[in-house]
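Remarks on the overall topology
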Amino acid sequence: MNQELIERLFEHVKLSLDFSYCPYSKFAVGACVLCEDGKTFVYGANVENASYGAGVCAERVAITKAVSMGRKRFMALGVMSDKGRVTPCGICRQVIREFSKDIDIFLFNPDGTFQTKSIAELLPDSFGPEDLE
Ligand SMILES: O=c1ccn([C@H]2C[C@H](O)[C@@H](CO)O2)c(=O)[nH]1
Ligand SMILES: [Zn+2]
């Protein structure tokens with residue numbers, strides 16, 4: 001990933017924080033996937049619910065938006081909370097893994113610095129679509 005794409009990914013993640021609906025946790029999260037074409041950014045924010053368990057994380061919102069637009073493979077996913085660096089929860093790790101085994105996951109800090117993780121690091125010895133073949 002070149003510097004320009006990383007900066008654009010960060011800008012999308014930052015903007016998506018504004019769309020978070022988090023009246024219960026007050027913990028806003030923004031996420032964005034960069035599709036395999038290297039051009040299409042699809043962002044998402046966490047969307048909570050009065051029935052707490054019905055809430056959805058930002059990462060899954062971004063991914064399900066993209067998949068339902070016909071984009072199933074991703075180069076990168078960026079994420080950040082309004083409190084700073086955040087790392088995807090277990091359910092999101094499994095959903096990321098479903099669609100991309102070689103994705104770069106950018107854990108952004110508010111100043112734009114980041115740490116990258118692979119899905120193999122976040123979800124070692126994972127179960128995925130190939131296991132059902
Ligand atoms: O990586 C994460 C971690 C948490 N959340 C959301 C879920 C919930 O709405 C709030 C507090 O857990 O943050 C995300 O969207 N992504
Ligand atoms: Zn999650």
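Residues numbered from 1 in each chain as written. Chains lettered and ligands numbered in written order. Predicted model: local features only at pLDDT ≥ 70, side-chain atom pairs only at ≥ 80, totals over all residues.

Comments concerning the UniProt feature "binding site: Zn(2+)" (unreviewed entry) in the protein
As a reminder, the rule being used: UniProt positions are given in the numbering used here, feature names are shortened, and annotations may be inferred rather than shown by experiment. Strands here are runs of E lasting at least two residues and helices are runs of H or I lasting at least four, both read from the DSSP assignment and numbered beginning at the N terminus. To assign burial, the other C-beta atoms lying within 10 Å of each residue's own C-beta are counted, with C-beta atoms placed from the backbone; 20 or more indicates buried, 12 or fewer indicates exposed, and intermediate counts indicate partly exposed. Residues are treated as contacting if the C-beta atoms built from their backbones sit within 7 Å of each other.
Mapped onto this structure's residue numbering, the UniProt feature "binding site: Zn(2+)" (unreviewed entry) falls at Cys57, Cys89 and Cys92. A compact arrangement is adopted by the annotated residues: their sequence extent is 36 residues, whereas the largest C-alpha distance between any two is 8.4 Å. Take Cys57: it is sitting in the loop between strand S2 (41-45) and helix H2 (58-67). The exposure class of Cys57 is buried, given the 22 C-beta atoms found within 10 Å. Here Cys57 is in contact with Val29, Asn46, Cys89 and Cys92, once residues within four sequence places are set aside. Look at Cys92 and you get buried, because 25 C-beta atoms sit within 10 Å.

What about the nonpolar core?
We count it as follows: Remark: nonpolar core denotes a set of buried Ala, Val, Leu, Ile, Met, Phe, Trp, Tyr and Cys residues whose joining runs through C-beta atoms within 7 Å.
Core analysis: the biggest nonpolar cluster contains 33 residues, and Ala31, Cys32, Val33, Ala62 and Leu77 have the highest contact counts within it. Counting only elements with at least two residues in this core, the list comes to helix H1 (3-17), strand S1 (29-35), S2, H2, strand S3 (74-81), helix H3 (90-99) and strand S4 (104-108). In this structure Ala62 touches Ala31, Cys32, Val33, Val42, Tyr43 and Gly44, once residues within four positions along its chain are discounted.

Things to note about the site of ligand 1
Spelled out, the test is: Whether a residue is near a molecule or strand depends on its C-beta atom, generated from backbone atoms, being within 6 Å of that molecule or strand. In this count, Pro and Cys sit with the nonpolar residues alongside Ala, Val, Leu, Ile, Met, Phe, Trp and Tyr, while Asp, Glu, Lys and Arg are called charged and the others, Gly among them, polar.
Looking at ligand 1, there are 14 residues lining it, with Ser25, Val29, Asn46, Cys57 and Ala58 nearest. Tallied by class, residues from the shell around ligand 1 come to nine nonpolar, three polar and two charged.

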